[in-house]
Amino acid sequence: MKAVEVNFDGLVGPTHNYSGLAPGNLASVRNRDQISNPRAAALQGLAKMKRLHDLELTQGVLPPQPRPEPELLRRLGFAGSDSQVLSRAAVEAPWLLSAACSASSMWTANAATVSPAADTADGRVHFTPANLVSQLHRSMESAMTGEILRRVFHNEQFFCVHNALPASSALGDEGGANHNRLCTGYSDPGVALFVYGRSRQQSGPHRFPARQTLEASEAVARQHGLNPARVIYAQQQPDAIDAGVFHNDVIAVANRNLLFCHEGAFVDQTQVIGRLSHALDGKLNLIQVSEQEVALQAAVQSYLFNSQLLTLSGGHTLLLVPLECRENEQVWHYLQTLLKARRGIDAVEVIDLRQSMRNGGGPACLRLRVVLESEALEACHQGVLFSDQLYAQLIDWVERHYRDRLVPSELADPALLDESRAALDELTRILQLDSLYPFQH
């Protein structure tokens, strides 16, 4: 049965701001306390979805999580009404207020790890929501992520949505941002490449935390019933993490049998590549970028490898890169050279995601890849599948509900909570996901 890869992008939430909450994410820290534009951020994300839709790719959209989240602050000892809780936190623990207001669920590459039906023991698509325990502002997402996935992928004949792994640092799981699937065709059995930063036996980086553990990756593979012979675990290069590669998708991206990565992506990289090639019966197409061609620092600054590799009709491959790639002289020169070499990437297209990029999220961060056979695609919730009509509705919705400026000092504004809830309440009707959020009950 024919399968397609669907990109489910996260809608940017109304509280998109620059609080610099993520150590190791250089862009997030660098832009801390700057003025954000939630409206522009959401419109930029929608423009990317529309572009993929216009390219005749199947595109979906996932709703943001409810923020601000006063319940997190109540669990941490702040009492009173919603507005009182937000105000107290702003005075006594501003970083906790920032965590309770983070719009980080927009980066749905971290929402879950996904295994297609062709790879799993029971022939269903399996999802494991990421526990994201390394960061407070992200760890609070996992329960709501599970609820959203169960609402969208509700038919248990085709889908299995697991609970997140236990919330332990020994089982730190960051979802699809540290997982790649390689295959000859989307319908064919694939090879799962899990990338981790640390394990019980192996040390990690020294400067920044390693967020993904080997033990978490192994647990997800077991949950999904993957064939051990078609699973490869690779340790991310600690020096890369210390250079700002907080997730593997900042230094490597794969699509079908093509792996596009920096030479400093993995520990024992030659061995990792050899195992991948063997598992793919020698059909691996490797584009490995040397430090001389693109310095690791330039790769992190431009998010070259956080681009989307897309297979278009006719089998052509498009690399969708952020605007920052064109602005980096070394990266842009490399991309022009790559196109001339005809090594498997047929076209490069630039897209403006400046608002997301300033918080450390490029094109690949904004989407969760889900390979679906035709019957499974029909069985998922149709209200979240992208169309010209839905695009028009969402543009109108954003323009009516979102602010065009926001600084962290404004997160305690009671009006922001009211505005956000009104926006999300209407969004659930647009996406036909009524009563999705706890505040609606």
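Reading the values: the criteria
- Think of each chain on its own: its residues are numbered from 1, step by step along the sequence as written.
- Thresholds applied to this predicted model are a pLDDT of at least 70 for local features of residues and 80 or more for the giving and counting of side-chain atom pairs; totals over whole chains, interfaces and linings are not thresholded and use all residues.
- To obtain the side-chain values, all non-hydrogen atoms of the structure were included, while hydrogens and water were left out.
- Exposure classes here rest on a 1.4 Å probe applied to the protein chains alone. A residue is buried below 20% of its type maximum, exposed above 50%, and partly exposed in between.
- Labels follow the DSSP assignment, with helices taken as runs of H or I lasting at least four residues and strands as runs of E lasting at least two, numbered in each case from the N terminus.
- In this scheme, strands are said to pair when DSSP sees at least two bridges between them.
- The handedness rule is simple: strands pointing away from the viewer, and a clockwise path from the first strand over the helix to the second, make the crossover right-handed.
- By definition, a salt bridge exists where a carboxyl oxygen of Asp or Glu is found within 4 Å of a side-chain nitrogen of Lys or Arg.
- Only residues whose relative accessible area exceeds 30% and that take part in no salt bridge are eligible for patches, with like-charged residues grouped when within 9 Å of each other and nonpolar side chains (Val, Leu, Ile, Met, Phe, Trp, Tyr) grouped when within 5 Å.
- Shrake-Rupley sampling with a 1.4 Å probe provides the accessible areas, and residues are treated as covered by the protein chains on show and by no other component.
- Axis definition: a line fitted to C-alpha atoms, limited for helices to the stretch in contact. Angles are taken between N-to-C directions and run from 0 to 180 degrees.
- This arc corresponds to the set of directions leading from the helix axis out to the C-beta atoms.
- Note on terminology: a nonpolar core comprises buried Ala, Val, Leu, Ile, Met, Phe, Trp, Tyr and Cys residues joined through side-chain atoms within 4.5 Å.
- Every residue pair with non-hydrogen atoms within 4.5 Å of one another is taken to be in contact.

Chemist: Explanation requested: the pairing of strand β8 (residues 231-235) in the structure shown.
Modeler: Regular strands show a simple pattern: their side chains alternate between the two faces of the sheet. Judged by how many residues are buried, β8 sits mostly within the fold: four of five residues are covered. Two elements, strand β7 (residues 191-196) and β8, share five bridges in a ladder whose sense is parallel. Looking at β8, one finds that Leu-193 is bridged to Ile-232. Handedness of the crossover is the feature at issue here: the chain leaves β7, passes through helix α8 (residues 214-223), returns alongside β8, and the resulting connection is right-handed.

Chemist: I'm lost on the pattern of salt bridges in this one. Help?
Modeler: Pairing between side chains of opposite charge can happen when the charged atoms of each approach one another. Within this structure, the stated rule accounts for 21 salt bridges. Here Arg-88 ties to Glu-92 by a salt bridge, and the two come within 3.0 Å at their closest N and O atoms. With Arg-88 and Glu-92 both in helix α4 (residues 82-92) and four residues apart, the pair spans about one turn of that helix. A salt bridge links Asp-122 to Arg-124, with the nearest nitrogen and oxygen atoms 3.0 Å apart. Here Asp-122 falls in the partly exposed class, since its relative accessible area comes to 39%. When its relative accessible area of 21% is taken as the criterion, Arg-124 is described as partly exposed.

Chemist: Explain a nonpolar patch on the surface to me, please; I cannot follow it from the model alone.
Modeler: Among the surface-exposed residues, Leu-76, Trp-95 and Leu-136 lie close enough to one another that they form a single nonpolar patch of about 290 Å² accessible area. By secondary structure assignment, the location of Leu-76 is in the loop between α3 (70-75) and α4.

Chemist: Even after reading the chapter, I still don't get the sheet that holds strand β12 (residues 308-311), so can you show me in this structure?
Modeler: Across a sheet, strands are paired by hydrogen bonds formed along the backbone, either parallel or antiparallel in direction. Read from one edge of the open sheet, three strands run β12-β13-β14, paired in mixed fashion. Across the chains shown, the open sheet's two edge strands, defined by having one partner strand only, are β12 and β14 (347-351). Mean inter-strand twist for the sheet, computed between neighbouring axes without regard to direction, equals 25°. Strand direction decides the pairing type here: β12 and strand β13 (residues 317-322), joined by four bridges, are antiparallel. Each bridged residue has a counterpart across the sheet, and for Leu-310 the counterpart in β13 is Leu-318.

Chemist: How do you make sense of the sheet that holds strand β1 (residues 3-10) when you look at a structure like this?
Modeler: Pairing in this open sheet of three strands is mixed, and the strands run β2-β1-β15 from one edge to the other. Only two strands of the sheet have a single partner each, and these edge strands are β2 (59-62) and β15 (367-373). The sheet shows a mean angle of 30° between the axes of neighbouring strands, taken without regard to direction. Where β1 and β2 come together, four bridges link them in parallel fashion. In the sheet register, Phe-8 faces β2, and the bridge partner there is Gly-60.

Chemist: How should α4 be read in this particular structure?
Modeler: Along an α-helix, a turn takes 3.6 residues, which lines up residues three or four apart on a common side. When α4 is considered as a whole, its buried residues turn out to be Val-85, Leu-86 and Ala-89. Across the axial projection of α4, the buried residues extend over an arc of 95°, all falling on one side.

Chemist: What am I meant to see in the nonpolar core here?
Modeler: The nonpolar side chains of soluble globular proteins are, as a tendency, buried together. Judged by nonpolar contacts, the single largest core of 86 residues is most densely connected at Phe-8, Phe-153 and Phe-159. Setting aside chain neighbours within four positions, we find Phe-153 in contact with Phe-8, Phe-127, Phe-159, Val-161, Val-370, Leu-372 and Cys-380. Val-289, Ala-298, Phe-305 and Cys-325 belong to the second largest nonpolar core, which has 20 residues in total.

Distances and angles like these do not, on their own, reveal function.
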